[in-house]
Amino acid sequence: MDQVRETVRLVGDVLGAEVVGVYLHGSAVLGGLRPASDLDVLVVSRRSMDGRERRALLDGLLERSGSANGVRPVELTVVVRSEVSPWRYPPTGDFLYGEWLREDYEAGLLPQPEPVPDLALLISMVLAGDRPLAGPPPARVLEPVPHADLVRASVAGVPELLGELDGDTRNVLLTLARVWSTLATGEIRSKDAAADWALERLPPEHRPVLAHARELYLGRRYDEEHWSGGLRARVRPHVEAVLAEIERLSPR
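These lines cover the structure that appears in this document, whether it is placed above or below. Remember, predicted model here, so these are calculated numbers, not experimental data. (Residues numbered from 1 in each chain as written. Predicted model: local features only at pLDDT ≥ 70, side-chain atom pairs only at ≥ 80, totals over all residues. Heavy atoms only, no water.)

**Some remarks on helix H6 (residues 119–129)**
Taken across its eleven residues, H6 has eight buried, putting it largely inside the fold. Among all positions in H6, only Leu119, Ala120, Leu121, Leu122, Ile123, Ser124, Met125 and Val126 are buried. Directly beyond the C-terminal end of H6, a positive phi value near 50 degrees is found at Asp130. (Buried < 20%, exposed > 50% of the residue type's maximum accessible area, 1.4 Å probe, protein only. Helix = DSSP H or I, 4+ residues; strand = E, 2+ residues; numbered from the N terminus.)

**Things to note about the sheet that holds strand S7 (residues 132–134)**
Here we have five strands laid out as an open sheet, ordered S5-S3-S2-S1-S7, and mixed in their pairing. One side of each edge strand has no neighbouring strand; the edge strands of this open sheet are strand S5 (95–97) and S7. The mean angle between the axes of side-by-side strands here comes to 20 degrees, regardless of whether they run parallel or antiparallel. Note: strand S1 (residues 19–25) against S7, two bridges, orientation antiparallel. (Pairing = 2+ DSSP bridges. Axes fitted to C-alpha atoms, helices over the stretch in contact; angles between N-to-C directions.)

**Brief notes about the pattern of salt bridges**
Tallied over the entire structure, the rule returns 21 salt bridges. Between Arg5 and Asp2 there is a salt bridge; the shortest N-O distance is 2.4 Å. In this pair, Arg5 and Asp2 are both assigned in helix H1 (residues 2–15), three residues apart and thus about one turn of the helix distant. Given the relative accessible area of 44%, Arg5 is considered partly exposed. Across the pair Arg54 and Asp94 runs a salt bridge, and its minimum N-O distance is 3.1 Å. You can see Arg54 sitting in helix H3 (residues 51–64) and its partner Asp94 sitting in the loop between strand S4 (92–93) and S5, a full 40 residues away along the chain. (Salt bridge = Lys/Arg side-chain N within 4 Å of Asp/Glu carboxyl O.)

**Some words on the environment of Arg152**
Structurally, Arg152 is set in helix H7 (residues 147–156). We classify Arg152 as partly exposed; its relative accessible area is 40%. Along the chain, Arg152 and Glu240 lie 88 residues apart, while their C-alpha atoms are 20 Å from each other.

Rendered as structure tokens:
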């Protein structure tokens, strides 16, 4: 919680009275932080940030996030309230920080406004979690996301996910399970809960891969991750089976 408070303080120092609300979401709210979990934070602002504010927020996060600083990774998203309420798809994000982009940030990348379909999922999680860190409850700030847009956003991220399969296997498998679960039920589950849901529905030959990804998520940091040759050989057949279910449930 010290790191969460530091993040909220940084946002307040940079944006001041322009902050409408700051909300915790993701693993910390859905099912509890795991060894490799990010701290996921959504900031709702009254206006778009200027260049100086972007620089100050980015520099502050680079100093407060990730293993290089001996703390958890922070994933922080800023949205302008008028860009997401009234709701429209695809929504626009004003600023995104994530540790997977650290090298780009250190090379000079400054986050800019851009369409972010994933905001449909993120806002839905914020509303369901109802964990304000500053400002009013999220239901007084954000509008519910229509189920059709939740489905569109879930499916939109699949091609990018598949490109990361070899380098980020556990997260890709768990996220695909979550996509399948969300399309089938309309509910956004934690990664381990989505894996439990999918494991009950997978043929036996495709269960070991997801069961191992779930075990890694619950108890192992990334530097402790290991896949045997036998399990690794089963990854792509498992993915093809889950993709077939996602395709079956996707809107035509």
